[in-house]
Amino acid sequence: MPEVALPRLDHASRRHRHWGDHVFRLLARCAALSLLGLVVTLVLVMGRAALPSMRAFGWRFLVTSTWDPVAEVFGVLPLIYGTIVSSMLALLLAVPLGLGAAIFLAELAPFWIRPPIAFLIELLAAVPSVVYGLWGIFVLAPFLRDWIQPTLGASLGFLPLFQGPPYGIGMLAAGVILAIMILPFIVAVSREVLLAVPNTQREAALALGATRWEATHVAVLRYGKSGLIGAILLGLGRAIGETMAVTMVIGNRPEISLSLFAPGYTMASMIANEFTEATSDLYLSALIEVGLLLFVVTVVVNALARLLVWSVGGPVQRGRE
Amino acid sequence: MNVKRFSNHRLVLQTMLFAVLSTGMLSLGAFAQSAGAQMLINGAGATFPYPIYSKWFDEYIKVDPGARFNYQSIGSGGGIRQITERTVDFGASDGPMTDEQLSKAPGQLLHIPTVLGAVVATYNLEGNPALRFTPDLLADIFLGKITKWNDPRLGAVNPGVALPDRPIIVVHRSDGSGTTYIWVDYLSKVSKEWEQKVGRGTSVNWPVGLGGKGNEGVSGQVKNTPGAIGYVELAYAIQNKLPLSSVRNEAGKFVEPSIKSTTAAAAGAAKNMPADFRVSLTNPPGEDAYPIASFTWLLVYKQQPDQVKGQALVKFLWWAIHEGQKYPADLLYAPLPAPVVKQIETTLEQITFQGKRLLAAR
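Residues numbered from 1 in each chain as written. Chains lettered and ligands numbered in written order. Predicted model: local features only at pLDDT ≥ 70, side-chain atom pairs only at ≥ 80, totals over all residues.

1. A short note on the overall build of chain B
Put simply, the rule reads: Starting at the N terminus, helices and strands are each numbered in turn, a helix being any DSSP run of H or I of at least four residues and a strand any DSSP run of E of at least two. Each residue is classed by its C-beta neighbour count within 10 Å, where at least 20 other C-beta atoms makes it buried, 12 or fewer makes it exposed, and intermediate counts make it partly exposed; the C-beta atoms are placed from backbone geometry. Any two residues are considered in contact once their C-beta atoms, placed from the backbone, lie within 7 Å.
Scanning chain B for helices and strands turns up 13 helices and 13 strands. Taking the principal axes of the C-alpha coordinates as reference, chain B spans close to 95 × 65 × 35 Å. Split into buried and exposed, the 362 residues of chain B put 48% on the buried side. Contacts spanning at least 24 positions in sequence make up 72% of the contacts within chain B whose residues lie at least 6 apart.

2. Let's talk about the nonpolar core
Residue and element names in this part refer to chain A. Selection criterion: Throughout this description, the term nonpolar core refers to a group of buried Ala, Val, Leu, Ile, Met, Phe, Trp, Tyr and Cys residues whose C-beta atoms join them within 7 Å.
One finds Ala 173, Ile 177, Ile 182, Ile 186 and Val 249 to be the most contacted residues of the largest nonpolar core, which totals 178 residues. At 19 residues, helix α6 (residues 171–195) tops the list of elements feeding residues into this core. The contact partners of Ala 173, leaving out residues within four places of it in the chain, are Gly 136, Leu 140, Ala 141, Leu 144, Gly 168, Val 249 and Ile 250.

3. Points about helix α2 (residues 50–63) of chain B
Residue and element names in this part refer to chain B. Where we set the bar: Under the convention used throughout, the expected extent of a helix is 1.5 Å for every residue step, that is, one less than its residue count. It is the directions from the helix axis to the C-beta atoms whose arc is reported.
In this model α2 runs 20 Å from its N-terminal to its C-terminal C-alpha over 14 residues, within 8% of the 20 Å that 1.5 Å per residue would give. Listed in full, the buried residues belonging to α2 are Ile 52, Tyr 53, Trp 56 and Tyr 60. Relative to the axis of α2, the buried residues are bounded by an arc of 95° and lie together on one face. Looking at α2, the residues exposed on the side facing more than 90 degrees away from the buried face are Asp 58 and Lys 62. Considering only its buried residues, α2 is in contact with β2 (67–72), β4 (109–123) and α12 (307–321).

4. Let's talk about the sheet that holds strand β9 (residues 246–248) of chain B
Residue and element names in this part refer to chain B. For clarity, the cut-off: At least two bridges found by DSSP between two strands are what make those strands a pair.
If you trace the three strands from one edge of the open sheet to the other, you get β5-β9-β10, paired in mixed fashion. Since the sheet does not close on itself, it has two edges, and those belong to β5 (132–133) and β10 (254–255), each with one partner. Judged from the two bridges that link them, β5 and β9 form a sheet pairing that is parallel. Residue Arg 132 lies in a different strand from β9, and its bridge partner there is Ser 246.

5. Describing the confidence of the model for chain A
All names here are of chain A. Counted only if it meets this: One confidence number per residue, pLDDT, is output by the predictor and ranges from 0 to 100.
With 92% of its residues at a pLDDT of at least 70, chain A reaches an overall mean of 88. Mean pLDDT values for the elements of chain A range from 86 in helix α12 (residues 281–311) up to 94 in helix α1 (residues 19–57). In the model, residues 314–321 has pLDDT below 50 throughout and makes ten contacts with residues more than four positions away in sequence or in other chains.

6. Structural notes on the sheet that holds strand β1 (residues 39–45) of chain B
Residues and elements named next belong to chain B. Keep this limit in mind: With axes taken as lines fitted to C-alpha atoms, and helix axes fitted only over the stretch in contact, angles between N-to-C directions fall between 0 and 180 degrees.
Read from one edge of the open sheet, eight strands run β2-β1-β3-β11-β4-β8-β6-β7, paired in mixed fashion. Across the chains shown, the open sheet's two edge strands, defined by having one partner strand only, are β2 and β7 (210–212). Here the average twist between neighbouring strands, direction ignored, is 25°. Pairing of strand β3 (residues 90–93) with strand β11 (residues 293–301) involves three bridges; the strand directions are antiparallel.

7. As for the pairing of β1 of chain B
Residue and element names in this part refer to chain B. The criterion, for reference: Whether a crossover is right-handed depends on one test, that the path from the first strand over the helix to the second runs clockwise when the strands point away from the viewer.
Bridging between β1 and β2 involves six bridges; their strand directions are parallel. Bridge pairing links Leu 40 to Arg 68 in β2. Assessed by its sense of winding, the connection that carries the chain from β1 through α2 to β2 is right-handed.

8. Quick look at the interface of chain B and chain A
The condition is simple: Polarity classes work like this: nonpolar for Ala, Val, Leu, Ile, Met, Phe, Trp, Tyr, Cys and Pro, charged for Asp, Glu, Lys and Arg, and polar for all others, with Gly in that last group.
Between chain B and chain A, the residue contacts involve 30 residues of the former and 26 residues of the latter. If you list the elements that add at least two residues to the side of chain B that touches chain A, you get α3 (76–84), β7 and α9 (214–224) of chain B. For the side of chain B that touches chain A, the per-class residue count stands at eight nonpolar, 19 polar and three charged.

9. Notes on the environment of Leu 152 of chain A
All names here are of chain A. Structurally, Leu 152 can be placed in helix α5 (residues 129–156). A tally of 19 C-beta atoms within 10 Å means that Leu 152 is categorised as partly exposed. Counting along the chain gives 53 residues from Leu 152 to Ala 205, while the straight-line C-alpha distance between them is 42 Å.

Below is the structure:
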């Protein structure tokens, strides 16, 4: 048979697409690019505004401890320390609690109880930050000052972690509040990760004679490990950026102290506190540099979290297997 | 195909409907705005005088219904920045602008004092004793040199008061504020060591103490921490029934903070008032003057860019320093003393539009 040139019926070919599809593709592409452009613009604008401060202080900005707006000497080491310590403390308190709750909700709870408990835990995420701060000042801080801190000081006072006068307000209060705030995120994502572990894994472990805990530990947790780490890093990212609740209970003192009872300061709190009244250009520029630093730290932590949750690619995929 | 043509039609119809609606709404919006265009005079700045300015705007609209004011209390620093960039018609600040800030403004900016505020030292001790402080005691407490309530120096000034053996927990403002400026300005005047070590500013490097956000943060921490001492605005302290401490003034008398003693502070400084009103009222001469007080200023350009708005603004300022002065006391601000009002009148008469005075000759 002679070769006949058949018309191309490839619907994906450009010329044969409906014009509506072209418009849709264009709009979707614009939306995605504009979001990307927004982030890039944010970094560029902040970078430019922070340039005077970067030129004036260089690396000393990151390693010195004096924050003096009158003499215009700025160093953010205590802020970095405060941000890291308060976030780590929050993780230390929230991860066991959150993972425990997630395991309970995914593995052990009777089916009828799962939705209400999950809902209540996720409600914690809906409480505004300022409300947490107010609760911290009027309920948590007095409780810490009158009950927890004296007890810790008396029993574990030989450790530098628990020395110093009990103000109530301080790094410990900030850590506790942050822990409560990141709990719902850790629980929600961990629960999703655990539910995504295929049942065959659990069945295999149980068939090999494992106890309930061993099955959970070996088959489920180990399987969803990178997803769980991703959930934890997500919580960390949130804790690093939290502003209002922290600034109301942390004592706002830019000093490095080993004790958890001492007041501290975080990068986000510093910006929130001083930005409106920063009149001189170098002062403003220093605050924007703090903002840039915070932005970089948050992006890195969140990127790590996403990569880990996605890298759960092979073993933990919904619905497969 | 039929389906294809129908969906084509649908898309076209939807796009047309969307275009018509949006044009309609935009034009409606524009029309509404132009129809309701009363004169709107915008201002921004200090948070401290916001309640009294709000009251004034509400009362003034009865005097001149055509003049509507809009004020954003974003902080003194923000107010100075906005008026320098001319995004608002007037600014407001708790602290006077520095020469450097004034030189950046595109025109000559005038400082118009409106009301007075005072800063008090409040504390939390059992039994709420009425405490007295001398200037050097306050400075040393905030420098961290006096650390216990039963320090003999405190006892000497407060005979008959049983001061407990507790550590003094200093509370200051964590956010930049005009209240802080007044406080550290006073401490700089009464203590050489403070002036050298810490200095003046809306935010400073505090030697000791916890930081609370806003007047509410400081008072909250003081109320919840036994043995704490902090500084708050007088209006705030009175409204929240916080203990007020008396301070010894320049004349040697212990004066309790009140509206009268605050006005007396300005009256005491009135003799040497500079023409531009950029003066610090802390530690003034005068028997009854409370030593930790200050003006709060409105910032307006001497040459107004718009005649109608400029005239309304100047008329409002005239009203504020005369009839308006009967409102501050209810809101716990101190009114201006008479000699200062006279001086402000002269300044208001200097405000011009294209060379012509905006206030009619008296």
